[in-house]
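# Notes for the structure review
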Amino acid sequence: KAGVTQTPRYLIKTRGQQVTLSCSPISGHRSVSWYQQTPGQGLQFLFEYFSETQRNKGNFPGRFSGRQFSNSRSEMNVSTLELGDSALYLCASSFLAGGHNEQFFGPGTRLTVL
Amino acid sequence: EDKVVQSPLSLVVHEGDTVTLNCSYEVTNFRSLLWYKQEKKAPTFLFMLTSSGIEKKSGRLSSILDKKELFSILNITATQTGDSAIYLCAVAGGTSYGKLTFGQGTILTVHP
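Right, let's walk through the structure included here.

## Here's the deal with the overall build of chain A
In terms of regular secondary structure, chain A is built from 0 helices and 11 strands. Across chain A, helices and strands are ordered from the amino to the carboxyl terminus as β-β-β-β-β-β-β-β-β-β-β. Relative to the 2.2 N^0.38 estimate, which gives 13 Å for 114 residues, the radius of gyration of chain A is 13 Å and therefore close to what a compact globule would have. Dimensions of chain A along its principal axes, counting C-alpha atoms only, are 35 × 25 × 25 Å. Taking all 114 residues of chain A together, 50% fall into the buried category. Long-range contacts, defined as pairs at least 24 residues apart, comprise 54% of the intrachain contacts of chain A with a sequence gap of at least 6. Here chain A has roughly 5,300 Å² of accessible surface; of this, 49% comes from carbon and sulfur atoms.

Structure below.
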């Protein structure tokens, strides 16, 4: 069974631009969660989608948004990029929502904002 | 606010040693505790412990959850250089759904 895939793997943008990241979950998984990982803050939860609905959102500004499609693929968008948005963005998929089962991570998208 | 604290933050051992990594948590409506291993890439899943499964073992790795004292340990016996990685502890709970609250991680370095 194929794992979680994320595209693109690397991205370089400049301040003020916007970016869209994509995540395809493991086949059959309906929950997709997004995390930001930085050396200073570690792994921080952004949001979770289940059956095309956002179930929960972390403490990030409104510039961070996402959506999920009927095939469970998810996209995350960051508008008006800031230098501090440079990070590894990870998505994780699970069969069920609610933290009742394992979350499996994709390889991540490394975003650099110049 | 949910909180997960791991200790030690870093550990250096030699091949063959046994290590114990600690994870304590404060979370309402606890659902599960998960351990991940992260090398130079995304975290890979190791164990999930819930109220119905408080001890897990896989090869040289084992983990125990103490729900009364709100902590978990990850043991690695007969360590190998390939065990060098960051070990992350995460907890799911509260009113959140898929949200995992992660600890800072323990950086394990195994020397030959």
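## Details of unusual backbone geometry
Keep in mind that most residues, glycine aside, have a negative phi and that most peptide bonds are trans. Put simply, T7 of chain A and P8 of chain A share a cis peptide bond, and its omega is -10°. When you line up the elements, P8 of chain A lands in the loop between β1 (5–7) and β2 (10–13). With an omega of -10°, the peptide bond between S7 of chain B and P8 of chain B qualifies as cis. With respect to the secondary-structure elements, P8 of chain B resides in the loop between β1 (3–7) and β2 (10–14). The phi dihedral of S51 of chain A falls on the positive side, at around 50°, and the residue is not glycine. Given the relative accessible area of 33%, S51 of chain A is considered partly exposed. With a phi angle near 45°, A78 of chain B is a residue other than glycine that sits in the positive phi range. Its place among the elements puts A78 of chain B in the loop between β8 (71–76) and β9 (85–92).

Calculation notes
- Residues numbered from 1 in each chain as written.
- Chains lettered and ligands numbered in written order.
- Predicted model: local features only at pLDDT ≥ 70, side-chain atom pairs only at ≥ 80, totals over all residues.
- Heavy atoms only, no water.
- Helix = DSSP H or I, 4+ residues; strand = E, 2+ residues; numbered from the N terminus.
- Rg over C-alpha atoms; globule rule 2.2 N^0.38 Å.
- Buried < 20%, exposed > 50% of the residue type's maximum accessible area, 1.4 Å probe, protein only.
- Contact = heavy atoms within 4.5 Å.
- Areas by Shrake-Rupley, 256 points an atom, 1.4 Å probe, with all protein chains shown as cover.

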